[in-house]
Amino acid sequence: MRISDNMRFDTVERSLSTLRSRQSTLTDQVSSGSKISSPGDDPVGAARLTRISAQASRTADYRATIDTVRSDLQLSEGSLAAASDLMVRAKELALQGANGSLSGADRQTLANEVATLQQQFISTANARGARGYLFSGNHTDTAALSANGDYQGDAAVHEVEIAPGVTTAVSVTGSEAFTAAGGVDAFATLTALHQALVSNDGDAVAATLTNIESSRAQIVRVQSNTGLIMNRLDASDEALSTTALELERRRSEVGDVDPFSALSELNQLSTTLQQAITVARNTFNSNGNLF
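Residues numbered from 1 in each chain as written. Predicted model: local features only at pLDDT ≥ 70, side-chain atom pairs only at ≥ 80, totals over all residues. Heavy atoms only, no water.

Q: Lay out the nonpolar core in plain terms, naming residues and giving numbers.
A: In summary, soluble globular proteins display a tendency toward joint burial of nonpolar side chains. Judged by nonpolar contacts, the single largest core of 44 residues is most densely connected at Leu80, Phe121, Phe178, Leu193 and Leu233. Only α2 (43-97), α3 (104-125), β3 (159-163), α4 (174-178), α5 (186-198) and α7 (209-255) provide two or more residues apiece to this core. Residue contributions to this core peak at 11 residues, all from α2. Those residues in contact with Phe121, other than ones at most four positions away along the chain, are Ala83, Leu86, Met87, Leu145, Phe178, Ala186, Phe187, Leu190 and Ile219. (Core = buried A, V, L, I, M, F, W, Y, C linked by side-chain atoms within 4.5 Å. Buried < 20%, exposed > 50% of the residue type's maximum accessible area, 1.4 Å probe, protein only. Helix = DSSP H or I, 4+ residues; strand = E, 2+ residues; numbered from the N terminus. Contact = heavy atoms within 4.5 Å.)

This is how it looks when you write it as structure tokens:
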């Protein structure tokens, strides 16, 4: 083979090698659905995918955090609603007990029910969530109320980051809902009602009505706060969901293969490759050389 033929042969081989390489790359891309299987395929695109992936991971973490604290808030709201209902029943019993026609035995029966309400109130105030006791502030490993109804937590609220640079309170405390720090000591009010009924003192029973209603009102106020916090979390989660969708669109734009375009190019490339092989074979065979 002359030098000129060697050069032509090398040129044809390089062209065929390029075509085969592109065919192999397209085949892999169609199979995997990804344009970038390693940084070497597209260094710039691979760097963009790394940044997008990091952003998507942080977004998912924020949404997971919101999901966890939302669950505790829902439990808190339900517990506060139950505590409010207990105070409503306490008011009904107080109104009955204030009736001057009741006997001591009648008031004792009412007192027994109030004692039950006290135990239910403690149980409700000591509800637990994913982080521990819901209403103990930072003392999540300690029950909010003791067996005597004394508050054992603090006034701190739990804060979390729900978006880049955005931190918000995601809890309420028992001090605000159940103790004099919020206005009235709810358990002490139930205790006063119980003692007045046991003492068969209708006037003392009637005197507890104002504090019973105030206790219920402050519990409802804190319950409303949990609703406001959940609304804030829902808004943040919706924004993060939009961000997640946009990041997925960008990831797909950078890294995913368009199957229709890739298959079309692969078919055209296969045809071109076969034609090139045929032309090369005919060219070199006509010169008496094997291909």
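The structure having been displayed, the exposition proceeds.
Q: Quick rundown of the pattern of salt bridges? Include the residues and the values.
A: Applying the stated criterion across every chain yields a total of 10 salt bridges. The partner of Glu213 in a salt bridge is Lys91, and the shortest N-O contact between them spans 3.4 Å. Here the residue Glu213 occupies a position in helix α7, and Lys91 occupies one in helix α2, the gap between them amounting to 122 residues. When its relative accessible area of 26% is taken as the criterion, Glu213 is described as partly exposed. Across the salt bridge formed by Arg251 and Glu248, the nearest N and O atoms sit 2.9 Å from each other. Of this pair, Arg251 and Glu248 both sit in helix α7, 3 residues apart, roughly one helical turn. Judged by its relative accessible area of 28%, Arg251 falls in the partly exposed class. For Glu248, a relative accessible area of 40% gives the class partly exposed. Salt bridges here are not isolated pairs; linked through shared partners, they connect Arg63, Asp67, Arg70, Asp234 and Asp237. (Salt bridge = Lys/Arg side-chain N within 4 Å of Asp/Glu carboxyl O.)

Q: Summarise the packing of α2 against α5; cite the residues concerned and give the values.
A: Two elements in contact, α2 and α5, have axes whose closest approach is 11 Å; the angle formed by their N-to-C orientations is 25°. As summarised for this structure, α2 and α5 are arranged roughly parallel, according to the angle between their axes. Along this stretch, α2 crosses α5, giving a crossing that reads as left-handed. Only Ala186, Leu190, Leu193 and Leu197 of α5 make contact with α2, whose side of the interface consists of Met87, Ala90, Ala94 and Gly97. For the contact of α2 with α5, the residue count by class is 7 nonpolar, 1 polar and no charged. (Axes fitted to C-alpha atoms, helices over the stretch in contact; angles between N-to-C directions. Parallel < 35°, antiparallel > 145°, perpendicular 65-115°, else oblique. Left-handed = near helix turned anticlockwise from the far one by under 90°. Nonpolar A, V, L, I, M, F, W, Y, C, P; charged D, E, K, R; others polar.)

Q: Kindly report on the packing of aromatic side chains, identifying the contributing residues and their values.
A: In total, this model carries 2 aromatic pairs according to the counting rule given. With a centroid separation of 5.4 Å and 75° between ring planes, the pair formed by Phe121 and Phe178 is classed as edge-to-face. Here the residue Phe121 occupies a position in helix α3, and Phe178 occupies one in helix α4, the gap between them amounting to 57 residues. For Phe121, a relative accessible area of 1% puts it in the buried group. A residue is classified by how much of its surface remains accessible, and Phe178, at 2% relative accessible area, is buried. Taken together, a centroid distance of 5.4 Å and an interplanar angle of 80° make the contact between Phe135 and Phe178 edge-to-face. (Phe/Tyr/Trp six-rings, centres within 6.5 Å; stacked < 30°, edge-to-face > 60°.)

Q: Tell me about the confidence of the model for the protein, and name the residues and values.
A: The pLDDT averaged across the protein works out to 85; a share of 73% of its residues lies at or above 70. Mean pLDDT across the secondary structure elements of the protein bottoms out at helix α1 (residues 3-32), with 57, and peaks at α5, with 98. (pLDDT = per-residue confidence, 0-100.)

Q: Give a detailed account of the environment of Arg70, specifying residues and quantitative values.
A: Positionally, Arg70 belongs in helix α2. Of the residues examined, Arg70 reaches a relative accessible area of 15% and is grouped as buried. Separated by 164 residues in sequence, Arg70 and Asp234 place their C-alpha atoms 8.7 Å apart. Other than its neighbours up to four places away in sequence, Arg70 contacts Met230, Leu233, Asp234 and Asp237.

Q: Outline the side chain of Thr124, listing residues and values.
A: Tracing the chain through its elements places Thr124 in helix α3. Among all residues touching Thr124, those that are not within four sequence positions of it are Ser79, Ala82, Ala83, Leu86 and Phe135.

Q: Tell me about the pairing of strand β4 (residues 166-169), and please be specific about residues and values.
A: Looking at chain direction, β3 and β4 are connected through 4 bridges and run antiparallel. Residue pairing for β4: Glu161 is matched across the bridge by Thr167. If you look at the hairpin formed by β3 and β4, you'll find 2 residues sitting between the two strands, and Gly165 has a positive phi there, around 80°. (Pairing = 2+ DSSP bridges.)

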